[in-house]
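A look at the structure
The residues making up each chain are set out below.
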Amino acid sequence: MATGEVFSAHCPPAPDTVIVRSCWGPPGTSLELEFDDGEVVVLDVPTRSLVSDPRPVVYLDQNHWIELARARVGSPKLAGDRLATYLRFTQLAESGDIIVPLSSAHLTEMSRKSGQQRRDVAVTMLRLSRGWWMRNPLQVRNEELGTMFDERATVPRVFTLEPDVTWTHDPSPRPPIPEGDVRAEALALATTLRQRRR
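So, here is what we can say about the structure in this document.

Criteria and thresholds
Throughout, residues of each chain are indexed from 1 in the direction in which the sequence is written. Thresholds applied to this predicted model are a pLDDT of at least 70 for local features of residues and 80 or more for the giving and counting of side-chain atom pairs; totals over whole chains, interfaces and linings are not thresholded and use all residues. By convention in this description, side-chain values take in all heavy atoms of the structure and omit both hydrogens and water. The secondary structure listing takes helices from DSSP runs of H or I that are at least 4 residues long and strands from runs of E that are at least 2 residues long, numbered from the N terminus. Take the number of residues in a helix, subtract one, and multiply by 1.5 Å to get its expected span. Two residues form a contact once any of their heavy atoms are found within 4.5 Å. In this scheme, a residue with accessible area under 20% of its type's maximum is buried, one over 50% is exposed, and one in between is partly exposed, where area comes from a 1.4 Å probe on protein chains only. Buried Ala, Val, Leu, Ile, Met, Phe, Trp, Tyr and Cys residues form a nonpolar core when they are joined through side-chain atoms within 4.5 Å. Between any two strands, pairing holds if DSSP finds at least two bridges. Every angle, taken between N-to-C directions, lies between 0 and 180 degrees, and every axis is a line fitted to C-alpha atoms, over only the stretch in contact when it is a helix. Relative orientations are named as follows: roughly parallel for angles under 35 degrees, roughly antiparallel for angles over 145 degrees, roughly perpendicular for angles from 65 to 115 degrees, and oblique for any other angle.

So, helix α1 (residues 62–73)
- Its 12 residues give α1 an end-to-end C-alpha distance of 17 Å, which sits within 8% of 16 Å, the value for a rise of 1.5 Å per residue.
- Considering only its buried residues, α1 is in contact with α2 (80–94), α3 (104–110) and α4 (115–129).
- Of the residues trailing α1, Gly74 is marked for its positive phi of about 75°.

Next comes the structure, spelled out in structure tokens:
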């Protein structure tokens, strides 16, 4: 609350969830999640239109997420300089000095894991990404192609806190093409060709 007042309400836990508590901290810049093992993860929450963020973005392959999880839980599989590197990277991500987004590829690859390793990697991903996502590459490509034919079109930022950007969605229906508008017709044709490739 703007007055500093805190509102708290107990909700029964959802079945089959590992999150036992969540707390949104006004003025709305973060969401805190507590897991059933006591671990707490903080996610960034956008409160207004996002502006360009000057922080470096570091996109990781899945193998690095696995190693970061091993560093976080103290696995004996990681030691020496490699451990020190992953621990320093963790510090940079948790302090907010760098942005470490997740993508649909990370989620797809993690779906093959199970048990404790899956949980360790998932919690590490949440902790270090802080809610940042890479927009779906197919959607980004479609939007970039659209800018080639429509000078008014823009491509939103690839890395974002916006929700629901990870997977592709059916494109919205296009308005009718005005007769003689070659640019609009070219855009419609390009869109049709892209959709047929899927």
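Considering the side chain of Glu67
- Topologically, Glu67 is positioned in helix α1.
- Residue class for Glu67 comes out buried when judged on its relative accessible area of 8%.
- Setting aside its immediate chain neighbours within four residues, Glu67 contacts Leu78, Arg82 and Tyr86.

Some thoughts on the side chain of Ser103
- Mapped onto the elements, Ser103 comes out in the loop between α2 and α3.
- Discounting chain neighbours no more than four positions away, the residues touching Ser103 are Tyr59, Trp133, Met134 and Thr166.

A closer look at the nonpolar core
- With 17 residues, the main nonpolar core has Leu60, Trp65, Leu68, Phe89, Val100, Val121 and Met125 as its most contacted residues.
- Put simply, the parts of the chain that give this core at least two residues each are α1, α2 and α4.
- Examining the composition of this core, we find that 5 residues originate from one element, α1, more than from any other.
- With residues near it in sequence (within four places) discarded, Met125 still touches Gln62, Trp65, Leu102, His106, Met110 and Arg130.

Notes on the environment of Val123
- Looking at where Val123 falls in the secondary structure, it is placed in helix α4.
- Beyond its immediate stretch of four places on either side in the chain, Val123 contacts Phe35, Glu39, Val41 and Arg72.

A look at the sheet that holds strand β1 (residues 19–25)
- One open sheet holds the 3 strands; their spatial order is β1-β2-β3, and the pairing between them is antiparallel. The sheet is open, and its two borders are formed by β1 and β3 (40–44), each paired with just one other strand. Neighbour-to-neighbour, the strand axes of the sheet open up by a mean angle of 20°, direction not taken into account.
- Its contacts with the sheet place α4 against β2 (30–35) and β3, and it is angled at close to 40° to β3.

Quick word on the pairing of β3
- Bridge count between β2 and β3: 5 bridges; the pairing is antiparallel. The residue bridging Leu31 from the neighbouring strand is Leu43, located in β3.
- Hairpin geometry of β2 and β3 is characterised by an intervening segment of 4 residues between the two adjacent antiparallel strands and by a positive phi of about 95° at Gly38.

Some points on the packing of α1 against α4
- Relative to each other, α1 and α4 sit at 95°, their axes nearing to 8 Å. Taken together, the axis directions place α1 and α4 in an arrangement best described as roughly perpendicular. The segment α1 lies against α4, with Gln62, Trp65, Ile66, Leu68, Ala69, Arg70, Arg72 and Val73 engaging Gln117, Arg119, Asp120, Val121, Val123, Thr124, Met125, Arg127, Leu128 and Ser129.

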